[in-house]
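# Geometric and topological summary
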Amino acid sequence: MIPYGRQNISQEDIDVVSAVLRSDFLTQGPAIPHFECVVAQYTGARHALAVNSATSALHIACLALGLGAGDCLWTSPITFVASANCGLYCGARVDFVDIDETGNIGIAALEAKLACASRDGSLPKVLVAVHLAGLSCDMEAIAALAARYGVRVVEDASHAIGGRYQDAPVGNCRYSDITVFSFHPVKIVTTGEGGMALTNDDALAAHMDLLRSHGITRDPARMTHTPDGPWYYQQIALGFNYRITDMQAALGASQMTRIDEFVVKRNALSQRYDRLLANLPLDLPVHISQSYSARHIYVVRLRLALIGCSHREVFEGMRQRGIGVNLHYIPVYLQPWYKDMGFNPDDFPHSQAYYAQAISLPMYPDLTDFQQDQVVNALAELLA
Ligand SMILES: *Cc1c(COP(=O)(O)O)cnc(C)c1O
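Residues numbered from 1 in each chain as written. Predicted model: local features only at pLDDT ≥ 70, side-chain atom pairs only at ≥ 80, totals over all residues. Heavy atoms only, no water.

### Topic: the sheet that holds strand β6 (residues 164-165)
We apply this condition: We treat two strands as partners when DSSP finds at least two bridges between them. Secondary structure follows DSSP: runs of H or I at least 4 residues long count as helices, runs of E at least 2 residues long count as strands, and numbering of each begins at the N terminus.
Ordered by their spatial adjacency, three strands build an open sheet running β7-β6-β13, and the pairing between neighbours is antiparallel. Edge positions in the sheet fall to β7 (168-169) and β13 (291-292), since each has one partner strand and no second. Summarising the sheet, β6 and β7 pair through two bridges and their orientation is antiparallel. The partner of Y165 across the bridge, within β7, is A168.

What follows is the structure, given as structure tokens:
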């Protein structure tokens, strides 16, 4: 089976992880600040905090922004459940904004929903903007709307490290409070499990730093009284153990040396798919001039009216032919956990249409032209 995504691990990656295993620190050693420094420099963000997953990063991002009971978080329905669950973790309500043809939150839909929420006093505290497939949302437009309505913005850039927006790296937080990356093995660079929260705001960074490790500080300036002795620390918030290990951070820093190579290769594969699939009854990924996508996934949408079989038949036919297609994503409001919250699928017509048509084709740097031809041929055969 050709998988839909796969990590690239070099001898150098293996060597740096082995070196950590032979060193004094398996966790909380020098590899973590080094990795954070590498990602902060790459993106241009002032602060980068490594944690054990993007899910954890989203959670502490929402908490640092003050999200709590009585508040509301908005995100895209076409995302991994973690983009929405972070709101529920904080006791907030979650609502969704329909997508547009890019697969990201539609700016017109967002503007209309904000205007409506403003009238009835139900504005969200936090908007999680998801850069689907690695294509940045129109962050300038989102930031302008967020400023007008007093909404804080988190970028869920789990797909998008290595991507660019307005010719600057995704993650620079120019148009958001916090940006989150994932380092799961199917993503652009990996640490096994892992994530990061980036921000230009010193107070948000300090708050997230506290929350990722039990809410404990060793900084006398933040304590309620002078330390009892050299052993002393204080717990001043209810935090978590969301720490990453040095083995993971070393792997991440090593992966970062190849990130541009990975993203260039993903874009080359994507352009090759665009050419080879151009004459099939499909809608191909949309290109946006101001966004250079990291191409985490390559999603085609079936033009079902022109095809003799169903979405499911095409999906199953691909799997039967050894092609590990996937579907990113089932609209979150359709998940059983969300069902009782009273969402009406008719409120999200573009997300419903997307779910009925979308298939993710294999996309990862080591996908060969020969494998890609197998994918294209299988799809062409099924759509004929
Ligand atoms: C993968 C992913 C996450 C969660 O990442 P983890 O590191 O696995 O916690 C969150 N949001 C999106 C959009 C993702 O694709």
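### Focus on the site of the ligand
Threshold: A single heavy atom is enough: if one lies within 4 Å of a molecule or strand, its residue is considered near that molecule or strand. As used in this structure description, the phrase polar contact means that two N or O atoms lie within 3.5 Å; if the pair is within protein, one of them must be able to donate a hydrogen and the other to accept it, and residues adjacent in sequence are counted only when both atoms belong to side chains. Areas reported here follow the Shrake-Rupley algorithm with a probe of radius 1.4 Å; residue values treat only the protein chains shown as occluding. Here the term charged refers only to Asp, Glu, Lys and Arg, the term nonpolar to Ala, Val, Leu, Ile, Met, Phe, Trp, Tyr, Cys and Pro, and the term polar to all other amino acids, Gly among them.
For the ligand, the set of nearby residues contains 15 residues, the closest of which are T55, D156, H159, S182 and K187. Note that a nitrogen atom of the ligand is positioned 2.7 Å from one of the side-chain N or O atoms of D156. In isolation the ligand offers 390 Å² of accessible surface; the protein chains occlude 93% of this area. Secondary structure elements with two or more residues in the shell around the ligand: α3 (54-64) and α4 (82-89). Partitioning the shell around the ligand into residue classes produces five nonpolar, eight polar and two charged.

### As for the nonpolar core
Worth spelling out the cut-off: The term nonpolar core refers to a set of buried residues drawn from Ala, Val, Leu, Ile, Met, Phe, Trp, Tyr and Cys, joined through side-chain atoms within 4.5 Å. Between buried and exposed lies partly exposed: a residue is buried under 20% and exposed over 50% of the maximum accessible area for its type, with that area taken using a 1.4 Å probe on protein chains only.
Counting residues in each nonpolar core, the largest one holds 39 residues, and the members touching the most others are Y273, L277, M318 and L361. Of all the secondary structure elements, the ones that give two or more residues to this core are α9 (259-276), β14 (298-302), α10 (311-320), β15 (358-361) and α13 (369-383). With six residues, α13 is the single largest residue contributor to this core. Listed in part, the 38 residues of the second largest apolar core include V51, L73, I178 and L204.

### Structural notes on the sheet that holds strand β8 (residues 178-182)
Stated precisely, the cut-off is as follows: For every element, the axis is a line fit to its C-alpha atoms; helices are fit only across the contacting stretch, and the angle between N-to-C directions ranges from 0 to 180 degrees. By definition in these notes, contact holds between two residues if any of their heavy atoms fall within 4.5 Å.
Spatially, the seven strands line up as an open sheet ordered β1-β9-β8-β5-β4-β2-β3, and their pairing is mixed. The sheet is open, and its two borders are formed by β1 (47-51) and β3 (93-96), each paired with just one other strand. Neighbouring strand axes in the sheet, compared pairwise and without regard to direction, differ in orientation by 20° on average. Taken together, the five bridges between β1 and strand β9 (residues 195-199) define a ladder with antiparallel strand orientation. Across the sheet, residue V51 finds its bridge partner in β9, namely G195. Of the strands in this sheet, β1, β2 (72-75), β4 (126-130), β5 (152-156), β8 and β9 are in contact with α3, which crosses β8 at around 165°. Lying over the sheet, helix α6 (residues 139-149) contacts β4 and β5, oriented at roughly 155° with respect to β5.

### Concerning the packing of helix α2 (residues 31-43) against helix α8 (residues 246-256)
To be explicit about the condition: In this scheme, roughly parallel covers angles under 35 degrees and roughly antiparallel covers those over 145, while 65 to 115 is roughly perpendicular and the rest are oblique. Note on convention: the crossing is left-handed when the near helix lies turned anticlockwise from the far helix by less than a right angle, right-handed when the turn is clockwise.
Relative to each other, α2 and α8 sit at 30°, their axes nearing to 8 Å. Between α2 and α8, the angle is such that the two are roughly parallel. Here α2 runs over α8; the crossing is left-handed. Contacts between α2 and α8 pair A31, I32, H34, F35, V38, V39 and Y42 from the former with D246, A249, A250, G252, A253 and M256 from the latter. Considering only residue class, the contact of α2 with α8 consists of ten nonpolar, two polar and one charged.

### Overview of the state of the cysteines
Note the following rule: To count as a disulfide, a pair of cysteine sulfur atoms needs to be within 2.5 Å.
All told, the structure shown has zero disulfides when counted by the stated rule. Cysteine C116 shares no disulfide, and the gap to the nearest cysteine sulfur, in C72, comes to 13 Å. This cysteine, C173, is not joined by any disulfide, and C137 carries the nearest cysteine sulfur, 14 Å off. By relative accessible area, C173 is classed as buried at 4%.

### Considerations on the side chain of R272
Of note, R272 is situated in helix α9. A distance of 3.4 Å separates a polar atom in the side chain of R272 from the backbone oxygen of D369.

### Some remarks on the packing of aromatic side chains
For clarity, the threshold we go by: Each aromatic pair joins two rings of Phe, Tyr and Trp (for Trp, the six-membered one) with centres within 6.5 Å, and gets the label stacked for planes under 30 degrees apart, edge-to-face for over 60, and tilted for any other angle. The criterion for a charge sitting over a ring is simple: Lys NZ or Arg CZ within 6 Å of the ring centre, and within 35 degrees of the ring normal.
Scanning the model with the defined rule gives ten aromatic pairs in all. Between the aromatic rings of F80 and Y329, the centroid separation amounts to 6.4 Å while the plane-to-plane angle is 45°, which identifies the pairing as tilted. A residue pair is termed long-range when its members are at least 10 positions apart, and F80 in the loop between β2 and α4 and Y329 in the loop between α10 and α11 (336-339) qualify at 249 residues. We classify F80 as partly exposed; its relative accessible area is 48%. With a relative accessible area of 10%, Y329 lands in the buried category. Centre to centre, the rings of F240 and Y242 are 4.8 Å apart; their planes meet at 10°, and the pair counts as stacked. Residue Y242 is classed as buried on the basis of its relative accessible area, which comes to 16%. Through successive ring pairs, a cluster of aromatic residues spans F96, Y333, Y338, F343 and F348. Stacked on the ring of W74, the Lys or Arg K113 has its end atom at 5.3 Å from the ring centre.

### Quick word on the pattern of salt bridges
If charged atoms from side chains of opposite charge come close, those side chains can pair. This is how it is decided: Only one rule defines a salt bridge in this text: a Lys or Arg side-chain nitrogen within 4 Å of an Asp or Glu carboxyl oxygen.
Inspection of the entire model under this criterion finds 14 salt bridges. In this structure, E111 engages R148 in a salt bridge whose closest nitrogen and oxygen atoms are separated by 3.6 Å. Remark: R148 occurs in helix α6 and E111 occurs in helix α5 (residues 107-119); sequence separation between them is 37 residues. For D167, the salt bridge is made with R164, and the minimal N-O distance between the two is 3.7 Å.

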